[in-house]
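Below are the chains, spelled out letter by letter.
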Amino acid sequence: MSFTGIFSTKDGLVALADSKGSIHEGDKLTKDINRTPQKLFAFPSGVAVTYGANQFLLQNPNQIFSKKINVEDFVLDYLSKHITLDSNFFEDLLVKMGSSSSNQPVNFIVGRKIREGEYRLEHHQVGFDHYVQKVASNGQWYFIGGDDLYVQTFHQMDLLKEKTSASHLQSFLSGRLQMLIQFYDDILSYNSVGGSVQSFIFR
């Protein structure tokens, strides 16, 4: 799991992400000690964060074994050739994830600059056999996702009063997420959110 989000303010987008990777061992989650997956990606026209699966299997019909692909490698490879995460990116990911029924959904929250002072938030979920896109409605100024406990906690906060500027909101969100990680580390048998907190302002 993860906790990530993008928040829209009058002077920019604030992207937030943890950096912990988890893997299933039997029916339990445990920390992936071999990876620190990148979940935050900036590009010329916006910023994206990911949550959910951070790897997927690519099955080639001419090969016996599936190839394991890191989501961040797939994203970074695409951005090295294109200036944004566009519809072709999500279509390509859907085709590749459709090669193995064991693939779990990958979620993307994307913030884009439309014009000065105006931003658009999108949520994309890509699974083995489905693709769903949602655009934020009027008045919906942030998308968050990942571990349900963190999502509920952030929804219960009065975030509007912290929306005075992108810089202030970035500082508040980063500090609050780090505090929650430390708190849940102490009381949960396994905290699926952790690592260093990543944040970025896109203007």
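Placed above this text is the structure.
Worth saying up front: this structure is predicted, and the values here are computed from it rather than measured.

**Re the pairing of strand E2 (residues 12–17)**
E2 sits mainly inside the fold: 6 of its 6 residues count as buried. Of the two faces of E2, the one holding Gly12, Val14 and Leu16 and the one holding Leu13, Ala15 and Ala17 are both buried throughout. For strand E1 (residues 3–9) and E2, the ladder comprises 6 bridges, and the chain directions are antiparallel. In the sheet register, Thr9 faces E2, and the bridge partner there is Gly12. Of the strand pairs in this sheet, E2 and strand E13 (residues 198–202) are connected by 5 bridges, and their pairing is antiparallel. Across the sheet, residue Leu16 finds its bridge partner in E13, namely Ser199.

**Focus on the packing of helix H3 (residues 148–156) against helix H4 (residues 166–187)**
Relative orientation of the contacting elements H3 and H4 amounts to 135°, with a least axis distance of 12 Å. As far as their axial angle goes, H4 and H3 are oblique. Read as a crossing pair, H3 and H4 show a hand that is right-handed. Residue-level contacts link Leu149, Tyr150, Thr153 and Phe154 of H3 to Leu173, Arg176, Leu177, Leu180, Ile181 and Tyr184 of H4. Split by residue class, the contact of H3 with H4 holds 8 nonpolar, 1 polar and 1 charged.

Analysis parameters
- Position labels on residues start from 1 in each chain and follow its written sequence.
- The predicted nature of this model means local features are confined to residues of pLDDT at least 70 and side-chain atom pairs, given and counted, to a pLDDT of 80 or more, with totals for whole chains, interfaces and linings taken over all residues.
- The basis for every side-chain value is the complete set of heavy atoms in the structure, and neither hydrogens nor water enter the calculation.
- Burial status follows relative accessibility: with a 1.4 Å probe on protein chains alone, a residue under 20% of its type maximum counts as buried, one over 50% as exposed, and anything between as partly exposed.
- Helix and strand labels come from DSSP, where a helix needs a run of H or I of at least four residues and a strand needs a run of E of at least two; each type is numbered from the N terminus.
- What makes two strands pair is DSSP finding at least two bridges between them.
- Helix axes are fitted only over the stretch in contact, all axes being lines through C-alpha atoms; the angle between N-to-C directions runs from 0 to 180 degrees.
- These descriptions rest on fixed angle ranges, namely under 35 degrees for roughly parallel, over 145 for roughly antiparallel, 65 to 115 for roughly perpendicular, and the rest for oblique.
- Here is the rule for handedness: rotate from the far helix to the near one, and if that takes an anticlockwise turn smaller than a right angle the crossing is left-handed, while a clockwise turn gives right-handed.
- Throughout, a contact is declared for two residues whenever any of their heavy atoms are within 4.5 Å.
- When residues are grouped by polarity, Ala, Val, Leu, Ile, Met, Phe, Trp, Tyr, Cys and Pro land in nonpolar, Asp, Glu, Lys and Arg in charged, and all others, Gly among them, in polar.

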